[in-house]
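Examining the three-dimensional arrangement
Listed below, chain by chain, are the residues.
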Amino acid sequence: MARRSLPLLKHLLSSSSSSTTPTLSRSVTYMPRPGDGAPRPVTLIPGDGIGPLVTNAVEQVMEAMHAPVYFEKYEVHGDMMRVPSEVMESIKKNKVCLKGGLTTPMGGGVSSLNVQLRKELDLYATFNLESCITLHYNSLWNYHCNQHYVITKFCSERIAKYAFEYAYLNNRKQVTAVHKANIMKLADGLFLESCREVATKYPGIKYNEIIVDNCCMQLVSKPEQFDVMVTPNLYGNLVANTAAGIAGGTGVMPGGNVGADHAIFEQGASAGNVGNENLLEQKTANPVALLLSSAMMLRHLQFPSFADRLETAVKLVISEGHYRTKDLGGSSTTQEVVDAVIGALD
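Residues numbered from 1 in each chain as written. Predicted model: local features only at pLDDT ≥ 70, side-chain atom pairs only at ≥ 80, totals over all residues. Heavy atoms only, no water.

As annotated in an unreviewed UniProt entry, the chain is Isopropylmalate dehydrogenase-like domain-containing protein from Salix purpurea. Under the UniProt heading Sequence similarities (unreviewed entry), the entry covering the chain gives this text: "Belongs to the isocitrate and isopropylmalate dehydrogenases family." (UniProt positions renumbered as here; feature names shortened; annotations may be inferred.)

As a further point, take the overall build of the chain. In terms of helices and strands, the chain carries 12 helices and 12 strands. Counting all 346 residues of the chain, 56% fall into the buried class. Put simply, 76% of the contacts in the chain that link residues at least 6 apart link residues at least 24 apart. Counting only carbon and sulfur atoms, one obtains 54% of the accessible surface of the chain, whose full area is about 14700 Å². (Helix = DSSP H or I, 4+ residues; strand = E, 2+ residues; numbered from the N terminus. Buried < 20%, exposed > 50% of the residue type's maximum accessible area, 1.4 Å probe, protein only. Contact = heavy atoms within 4.5 Å. Areas by Shrake-Rupley, 256 points an atom, 1.4 Å probe, with all protein chains shown as cover.)

Take the confidence of the model for the chain next. Model confidence for the chain is summarised by a mean pLDDT of 83, while 80% of its residues fall at 70 or above. Scored below 50 in pLDDT, residues 1–5 makes 22 contacts in the model with residues more than four places away or belonging to other chains. Between residues 14–32, whose pLDDT stays under 50, and residues either more than four places distant or in other chains, the model counts 31 contacts. (pLDDT = per-residue confidence, 0-100.)

The next thing to look at is the packing of aromatic side chains. Counted according to the given criterion, the structure contains 6 aromatic pairs. With 6.4 Å between their ring centres and 85° between their planes, Phe303 and Phe306 make a pair best called edge-to-face. For Phe303, a relative accessible area of 4% gives the class buried. On the basis of relative accessibility, which here comes to 22%, the residue Phe306 falls in the partly exposed class. In this arrangement the basic side chain of Arg158 is found over the ring face of Tyr124, its NZ or CZ atom lying 3.8 Å from the centre. (Phe/Tyr/Trp six-rings, centres within 6.5 Å; stacked < 30°, edge-to-face > 60°. Lys NZ or Arg CZ within 6 Å of the ring centre and 35° of its normal.)

Taken as a whole and assessed by the stated rule, the structure comprises 14 salt bridges. Residue Arg118 is joined to Glu266 by a salt bridge in which the shortest nitrogen-to-oxygen separation is 3.2 Å. With Arg118 in helix H4 (residues 113–120) and Glu266 in strand E12 (residues 263–267), this residue pair connects regions lying 148 residues apart in the sequence. Two residues, Glu197 and Lys153, come together in a salt bridge whose shortest N-O distance is 3.1 Å. In this pair, Glu197 sits in helix H6 (residues 187–199) while Lys153 sits in helix H5 (residues 153–169), placing the two residues 44 residues apart along the sequence. (Salt bridge = Lys/Arg side-chain N within 4 Å of Asp/Glu carboxyl O.)

Here is the structure:
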């Protein structure tokens, strides 16, 4: 998983227009073992709107760096009634999927395919990285079925354990539970109870809690106070998009949905650019988010040396200011960002 915090990414983004380029060092976290380089199949869903544009950017970079993955590509669109069975079979076989955004029609008759994927594959942990890390569970916020707020002890404990185990394995210092238990006393109260119980088993990790309203304000005013955050899905969406806005926009926020057996990697913040026709027509959608999501995917597939290489290249491009597409106040095209990243690969 990526280890850079929101303050550092924000510094890179804000300093990219400066004449001084920060020094970026590559941290090698992995020595390959025999057989580790065997190519892995990954299901690819280009998606809607700018999706095909940014997934094509990933394909170009993966080819340039000779990453040990190959893609099985399927056409899926948000106005379909269900994800086609052959696509589900491919994801279940490959266990990993990379996808562009899928639009969800407003109102009547068509359910969210994003929710269907997360539900059927039991992708209970959603990561939004390059900011404070948020882990928000998808299996509990049941607005996709009956718009009732349902929280269970099992799922609360599962996501809390995931958050603390992630913090422990990645040398993180703090886990913050984001909630609304002052109002949702039973549902969020159960969530907090579970987090507190799990926290007692990790005495080396600081645990605290924050109400979601205050959390969003604190993210804007003092983001460096956060490390790992664990939250129900709705609050996680709010927190992730707030963090994305601080870091530069939805086009730079990576993300992934992870379960016990399967994982889907995609843009980490939902608002903003997926259905922006101007970005599509002018080919100026920012591919940084999906490139960093792809680095998360490579690390998930146990190719961390490739993940390090890709992350380092993207951060170098950010530090030099070449990542600024129209949605970030610049003039670069998607292809120009891709070319810059390929040129930065060492």
